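Survey of secondary and tertiary structure
What follows is each chain in one-letter form.
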Amino acid sequence: MNFEFTEEQKMIQQAAKDFAERELLQDVIERDEKSEFATEHVKKLAELGFLGMMTDPKYDGGGMDTISYVLAMEEISKIDSSVAVLMSVCNSLVIWGIETYGNEEQKQKFLRPLASGQKIGAFLLSEPEAGSDATSQRTTAEDKGDHYLLNGTKNWITNANSASTYIVIAQTNPEKKHKGINALIVDKNSAGITLGPHENKMGMRSSDTHSVMFNDVKVPKENRIGEDGFGFPFAMKTLEGGRIGIASQALGIASGAFERALKYSMERKAFGTEIFNHQSVAFKLSDMAVKIENGRNLCLKAAWLKDQHLPYGTASAMAKQYCADMAMEVTTEAVQIFGGYGYVREYHVERLMREAKLTQIYEGTSEVQKIVISRSLLK
Amino acid sequence: MKILVCISNVPDTTTKIKFTDNNTAFDQAGVQWIINPWDELALTRALDIKDAQAGMVEEITVINVGLAATEPTIRKALAIGADKGIRINAEPKDAFTVASQLADVISKESFDIILCGIESSDSNGNNVGGMLSELLDMPSVSSVSHFDIKDGKVELKREIDGGQETVSTPIPFVGIVQKGIAKEPRIPSMRGIMGARTKPLQVIEAIQTETLTEFATYDLPKPKAACKKIDPDNVKELVQLLHNEAKVI
Amino acid sequence: MSVLVYTENWDGKFKKLSFELVSFACEIAKTLNTNVVALSIGKVNDDELNKLGTYGASKILNVQNENLINLNNQAYTSVLAQAAAKEGATLIVFAHNNTGKAIAPRLSVRLKAGLATGVLALPSNFQPFTIAKKVFTAKAIANVVIKTPVSIVTLLQNAFGVFETPVAASIEAFNPEIKDNELKTEVKDVNKVSGKILLTDAEIVVSGGRGMKGPENWGSIEELATLLGAGTACSRPVSDEGWRPHEEHTGQTGKILAPNLYIACGISGAIQHLGGISGSKCIVAINKDPDAPIFEAADYGIVGDVLKVLPEMITAVKELKGN
């Protein structure tokens with residue numbers, strides 16, 4: 001056992017912190033209000049290599065470990081979760097999926113520009129009738145010999161507009177049920193793709209979430225990831241890693257709110273003393289600190305297992321479920337500590353509270369994580 | 001041209017300052033260390049020039065006087081773009097020691113431009129750059145707020161009290177830089193951090209030097225006193241207090 | 001034995017700091033039972049030179065040399081080293097400004113004399129020579145011991161003050177030797193800057209809040225700022241109202257400032273504003289409301305109408321600067 005980070009991990013953590021504080025912080029409130037995508041900031045983040053930070057350098061990635069990724073995700077999420085979720089989808093879902101299961105040709109063609117940050121990716125799984133239940137895909141990818149013909153609608157797609165490269169999960173053989181599902185790499189500019197309007201969300205409002213409609217979209221056969229029918233296990237394995245990203249995001253939302261509340265409690269006075277000196281506030285902060293520490297340890301454990309090439313599916317589900325629920329609790333308490341100031345925009349904590357809510361919902365709700373965890377108990 | 005940037009390892013500027021051993025030593029417990037902000041600006045400017053004129057600047061080296069614990073700071077400098085790092089294995093006991101160690105190493109190499117930050121955020125000394133130039137018998141330009149290389153020639157502007165001077169100097173020289181020389185320091189990229197693993201970081205054994213000064217004891221500033229109220233009919237008194245007591249105007 | 005002071009002049013008139021340095025040196029010389037020698041470089045007439053005697057300099061070394069019109073670190077170091085040798089100086093005093101910072105470290109090596117920069121007060125001890133200076137960006141004070149027989153200090157401006165101790169001063173022309181290879185740097189152009197100071201760089205900030213009543217009243221804030229060489233800032237309501245540009249908005253969500261002096265005019269001091277100024281070394285509050293939270297954060301406060309107080313403050317500052 002060793003709880004010490006390497007110098008490199010600390011350097012990455014500091015780099016992410018500097019980026020968040022110098023770049024993202026100044027207009028994060030305005031972007032949230034206007035639901036405005038952080039175009040320039042994302043470009044800089046990509047140039048720094050954060051979007052493909054774990055990818056093998058031979059495909060232009062950063063070559064860093066998952067521990068570093070957790071640290072970076074936490075720092076970015078303390079300030080701006082809309083940017084953090086983009087980073088998570090690129091790293092954990094799209095890039096990891098192609099790097100792990102794609103063939104060499106696909107890696108050269110699609111992975112390289114994604115890993116180097118020139119292009120952004122999106123992962124299209126959710127449907128109007130199939131959110132967490134990934135087996136019942138209604139989007140179809142009809143086998144037309146040398147290509148697939150894609151038809152259907154995907155919902156709640158993060159990076160739908162900013163991405164150039166989609167991974168689409170679709171049904172090819174409905175009679176084979178989930179064994180008939182395929183994962184296809186789709187160029188967003190293909191004919192027949194249209195986007196729904198930008199979703200007007202409660203939180204993470206500057207993340208570009210849209211529905212995506214496919215109408216007879218031709219996808220070359222060579223864009224299929226893995227063998228015919230590999231789509232479902234592909235999606236499940238990819239989401240296992242995705243949970244580490246979202247767990248770290250929830251962790252960052254919680255620690256961001258905690259840091260702000262702690263600072264405020266040492267500045268704000270009530271009844272003649274700083275409110276930290278009131279036990280009701282100090283104990284709240286103490287509880288928050290313990291929960292955050294727990295969450296961080298769960299995230300790092302899952303990341304460590306992944307880095308050791310050990311099974312991490314249960315650990316990542318535990319981290320995701322705990323951190324998401326914990327972020328909701330911690331941000332709610334942070335708003336309470338701020339009182340009236342917490343309820344207005346400029347202190348950030350109400351926004352963090354709105355952002356926390358989404359981490360309990362997307363990439364597998366807390367309830368779905370509990371299904372994963374409880375099933376693992378039987379083994 | 002070869003540029004050398006002297007970097008100092010200092011506590012993060014948000015560090016809460018505490019002392020131990022009867023206020024004779026800085027309490028390093030839990031302190032995060034960074035490149036001295038002024039030195040980092042010097043490095044940033046050197047990197048900007050190298051990026052803008054690839055052929056002009058051949059190599060940027062960073063040098064630090066410190067024990068092994070300062071290596072992360074040197075690695076950070078390599079991660080943001082310096083080509084080589086040198087650590088002189090000595091405790092930076094006072095400015096003269098540091099300058100003497102640096103001078104010994106630099107005199108055996110051939111750098112065209114040596115840059116130092118005007119002060120460090122820990123000892124606030126404003127010493128090392130000037131001492132180093134004297135030890136090397138090189139010209140020095142201090143309070144440099146603009147530095148460029150155009151057509152192979154060095155362009156410098158330095159701050160004077162109440163203005164700015166354009167200064168020319170032959171190389172080699174020591175440039176002692178202040179804020180304004182570069183915009184924000186760089187954030188290391190993943191590629192840069194990865195590259196820093198393999199960049200050379202040479203450790204050189206220290207020579208015997210002496211110290212001229214010693215920080216014997218430290219005090220913390222007194223806690224903030226209550227607001228001193230001044231009669232609104234006696235505004236003059238406020239101005240006098242600001243001048244004579246607070247010494248801020 | 002002597003205490004040597006490096007004085008500075010601007011177009012032939014001594015800067016105020018020169019008188020402060022001589023006053024400081026004089027106080028030390030009394031303790032050491034020695035005298036103060038002041039060094040002046042540049043064209044300064046005898047009447048002006050004699051002024052140094054008012055503050056305790058008994059000898060004035062007057063250097064006039066075409067090669068020394070502009071600051072040249074190597075050549076100036078030579079001048080100082082020769083003067084120190086000639087006068088047997090055991091302490092050499094500079095101002096802690098651009099010039100002092102440029103020469104003192106070089107001289108320290110040349111004379112092998114320990115250097116303490118930015119000192120705050122008289123030495124607390126002479127055996128060994130011990131003196132206080134700010135460290136950790138003013139978050140602490142260090143007591144520096146100089147271990148060499150000769151000491152050099154640079155004095156923080158306005159740290160000591162100007163005190164008259166008239167003595168009869170003798171003026172002596174001093175012609176130090178300057179070698180050609182000490183004149184390698186050359187000043188090509190001098191640009192005296194005036195104009196607006198960058199807010200985040202400003203050492204003094206004059207800031208206005210809603211108590212200023214309207215943008216038409218900002219003339220006095222700007223006048224005071226110009227007099228003090230200060231930047232101007234404002235509270236959030238003021239920039240929200242459009243009275244002032246957004247760049248001036250100071251506080252949690254605006255600019256975070258840490259000047260030496262922050263003058264809050266008609267600002268109540270909501271916590272979000274205080275969050276942006278808490279790093280200031282000295283805060284002055286002018287506000288009608290004696291219970292305004294700004295007074296909690298302030299070092300000096302006037303409870304009164306800012307629109308009446310400001311003009312009086314301008315007059316008082318003009319009087320001060322006139323001296």
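Residues numbered from 1 in each chain as written. Chains lettered and ligands numbered in written order. Predicted model: local features only at pLDDT ≥ 70, side-chain atom pairs only at ≥ 80, totals over all residues. Heavy atoms only, no water.

1. Considering the pairing of strand 1 (residues 2-6) of chain B
All names here are of chain B. Filter applied, for reference: Buried means the residue's accessible area, taken with a 1.4 Å probe over protein chains only, is under 20% of the maximum for its type, while exposed means over 50%, and partly exposed covers the values in between. Helix numbers and strand numbers start at the N terminus; a helix is a DSSP run of H or I with at least 4 residues, a strand a run of E with at least 2. Two strands pair under a simple rule: DSSP has to find at least two bridges between them.
Burial analysis of strand 1 places 4 of its 5 residues in the buried class, the great majority of the element. Across 5 bridges, the pairing between strand 1 and strand 6 (residues 59-65) is parallel. Pairing of Ile3 across the sheet is with Ile60, part of strand 6. Direction of pairing for strand 1 relative to strand 8 (residues 113-117): parallel, over a ladder of 4 bridges. Looking across to strand 8, one finds that Leu4 is bridged to Ile114.

2. Notes on the sheet that holds strand 1 of chain B
Let me state the cut-off plainly: Axes here mean lines fitted to C-alpha atoms, for a helix over just the part in contact, with angles spanning 0 to 180 degrees between N-to-C directions.
Strand order in the open sheet formed by 10 strands is 13(B)-7(B)-6(B)-1(B)-8(B)-12(B)-9(B)-10(B)-11(B)-13(C), and the pairing between neighbours is mixed. Across the chains shown, the open sheet's two edge strands, defined by having one partner strand only, are strand 13 (201-205) of chain B together with strand 13 (186-191) of chain C. Here the average twist between neighbouring strands, direction ignored, is 30°. When strand 9 (residues 140-150) of chain B meets strand 12 (residues 173-177) of chain B, the two strands line up parallel, connected through 3 bridges.

3. Here we look at the pairing of strand 3 (residues 147-157) of chain A
Residue and element names in this part refer to chain A. Where strand 2 (residues 140-143) meets strand 3, 4 bridges bridge the pair, whose relative direction is antiparallel. Considered in strand 3, the bridge of Glu142 is made with Leu149. The hairpin formed by strand 2 and strand 3 contains 3 residues between the paired strands, and Gly145 there has a positive phi angle of roughly 85°.

4. Looking at the interface of chain A and chain B
The condition that has to hold: In what follows, residue pairs with any heavy atoms lying within 4.5 Å of each other are defined as contacts. The buried area of a pairing is the accessible area, by a 1.4 Å probe, that goes missing from both parts when the two are put together, added over both. Salt bridges are counted wherever a side-chain nitrogen of Lys or Arg sits within 4 Å of a carboxyl oxygen of Asp or Glu. Between N or O atoms, a polar contact is any pair within 3.5 Å; within protein, one atom must be a potential hydrogen donor and the other a potential acceptor, and residues adjacent in sequence are included only when both atoms are from side chains. The residue classification treats Ala, Val, Leu, Ile, Met, Phe, Trp, Tyr, Cys and Pro as nonpolar and Asp, Glu, Lys and Arg as charged. All others, Gly included, are polar.
Each partner contributes residues to the interface: chain A has 20 residues there, and chain B has 16 residues. Between chain A and chain B, roughly 1600 Å² of surface is buried when both sides are summed, and carbon and sulfur atoms account for 64% of that area. When the area that chain A buries against chain B is broken down by residue, the three leading residues are Met11(A), Arg22(A) and Leu48(A), summing to 39%. Across the chain A-chain B interface, the total number found is 1 salt bridge. Across the chain A-chain B interface, the total number found is 4 residue pairs in polar contact (both at pLDDT 80 or more). The leading source of residues in the side of chain A that touches chain B is helix 1 (residues 7-24) of chain A, at 9 residues. Of the residues in the side of chain A that touches chain B, the class split is 9 nonpolar, 5 polar and 6 charged.

5. Things to note about the sheet that holds strand 14 (residues 204-208) of chain C
Strand order in the open sheet made by the 6 strands is 15(B)-18(C)-17(C)-16(C)-14(C)-15(C), with parallel pairing throughout. Edge positions in the open sheet fall to strand 15 (228-230) of chain B together with strand 15 (231-234) of chain C, since each of these has one partner strand only. Sheet twist, expressed as the average angle between the axes of neighbouring strands with direction ignored, equals 20°. Bridging between strand 14 of chain C and strand 15 of chain C involves 4 bridges; their strand directions are parallel. The residue bridging Val205(C) from the neighbouring strand is Gly231(C), located in strand 15 of chain C. Across the face of the sheet, helix 5 (residues 219-228) of chain C comes into contact with strand 14, strand 15 and strand 16 (261-265) of chain C while running at roughly 175° to strand 14 of chain C.

6. Section: the state of the cysteines
Residues and elements named next belong to chain B. Selection rule: Two cysteine sulfur atoms make up a disulfide if the distance between them is within 2.5 Å.
In the structure shown here, the tally under the stated rule is 0 disulfides over all chains. Cys116 supplies the cysteine sulfur nearest to Cys6, a cysteine that is in no disulfide, at a spacing of 3.7 Å. We classify Cys6 as buried; its relative accessible area is 7%.

7. Here we look at the environment of Phe19(B)
Among the secondary structure elements, Phe19(B) is positioned in strand 3 (residues 19-20). What makes Phe19(B) buried here is its relative accessible area of 12%. The spatial distance from the C-alpha of Phe19(B) to the C-alpha of Val62(B) is 30 Å, given a sequence separation of 43 residues. In this structure Phe19(B) touches Ala25(B), Phe26(B), Asp27(B), Tyr218(B), Asp219(B), Leu220(B), Phe136(C) and Ala140(C), once residues within four positions along its chain are discounted.

8. Focus: the environment of Phe160(C)
Take Phe160(C): it is sitting in the loop between strand 11 (151-155) and strand 12 (170-173). It is 36 Å that separates the C-alpha atoms of Phe160(C) and Gly254(C), two residues lying 94 residues apart in sequence. Setting aside residues no more than four positions away along its own chain, Phe160(C) makes contact with Lys247(B), Glu20(C), Ser23(C), Phe24(C), Glu27(C), Leu122(C) and Leu155(C).

9. Brief notes about the interface of chain C and chain B
Interfaces are frequently sized by the accessible area removed from exposure as the parts join. Contacts between the two partners involve 78 residues from chain C and, on the opposite side, 74 residues from chain B. Interface of chain C and chain B: buried area, both sides summed, is about 6500 Å²; carbon and sulfur atoms make up 57% of it. In this structure, the connection of chain C to chain B is made through 4 salt bridges. Our count for the contact surface shared by chain C and chain B stands at 36 residue pairs in polar contact (both at pLDDT 80 or more). Taken together, the 3 bridges between strand 15 of chain B and strand 18 (residues 300-303) of chain C define a ladder with parallel strand orientation. Its bridge partner lying in strand 18 of chain C, Lys228(B) is registered against Tyr300(C).

10. Digging into the domain arrangement of chain A
All names here are of chain A. Under the convention used in this document: Domain start and stop points were drawn from an automatic or database domain assignment.
If you check the domain split of chain A, you get domain 1 (7-120), domain 2 (122-232) and domain 3 (239-378). Measuring from the centre of the C-alpha atoms in domain 1 to the corresponding centre in domain 2 gives 22 Å. The partner domain 2 presents 23 residues to the 23 residues of domain 1 that form the contact. Between domain 1 and domain 2 the total buried area reaches about 2000 Å² when both faces are included, carbon and sulfur atoms providing 62% of it. Inspection of the domain 1/domain 2 interface yields 9 residue pairs in polar contact (both at pLDDT 80 or more). Listed by contribution, the elements that provide at least two residues to the side of domain 1 that touches domain 2 are helix 2 (28-34), helix 5 (81-101) and helix 6 (104-115). Classifying every residue of the side of domain 1 that touches domain 2 by side-chain character gives 12 nonpolar, 5 polar and 6 charged.

11. Quick look at the confidence of the model for chain C
Test applied: Here pLDDT means the predictor's own confidence in every residue, given as a number from 0 to 100.
Per-residue confidence for chain C averages 91 on the pLDDT scale, and 98% of its residues sit at or above 70. Interface confidence for the predicted complex, expressed as ipTM, amounts to 0.91; the pTM equals 0.87.

12. Concerning a negative patch on the surface
Which entries qualify depends on this criterion: Like-charged residues are merged into a patch within 9 Å and nonpolar side chains (Val, Leu, Ile, Met, Phe, Trp, Tyr) within 5 Å, provided each residue has over 30% relative accessible area and no salt bridge. In short, Shrake-Rupley with a 1.4 Å probe defines the accessible areas, and a residue's cover is counted only from the protein chains shown. In this count, Lys and Arg are taken as positive residues and Asp and Glu as negative ones, while His and the chain termini are left out. Every charge is mapped onto a representative atom, which is NZ of Lys, CZ of Arg, CG of Asp or CD of Glu.
Together, Asp231(B), Asp233(B), Glu237(B) and Glu312(C) make up a region of like negative charge exposed at the surface. Mapped onto the elements, Asp231(B) comes out in the loop between strand 15 and helix 6 (235-244). Under the relative-accessibility criterion, Asp231(B) is labelled partly exposed at 42%.

13. A look at the side chain of Ser366(A)
Residue and element names in this part refer to chain A. Within the element layout of this structure, Ser366 appears in helix 11 (residues 366-378). The class for Ser366 is buried, based on a relative accessible area of 4%. Residue contacts for Ser366: discarding those within four places in its chain leaves Gln321, Ala324, Asp325 and Gln360.

14. Observations regarding the pattern of salt bridges
Residue and element names in this part refer to chain A. In total, this model carries 59 salt bridges over all chains according to the counting rule given. For the salt bridge of Glu7 with Lys10, the shortest nitrogen-to-oxygen distance reads 3.7 Å. Here the residue Glu7 and the residue Lys10 both occupy positions in helix 1, the gap between them amounting to 3 residues, near one helical turn. Judged by relative accessible area, Glu7 falls into the partly exposed class, the value being 41%. Through salt bridges with shared partners, one network takes in Asp32, Glu33, Arg345, Glu350 and Arg354.

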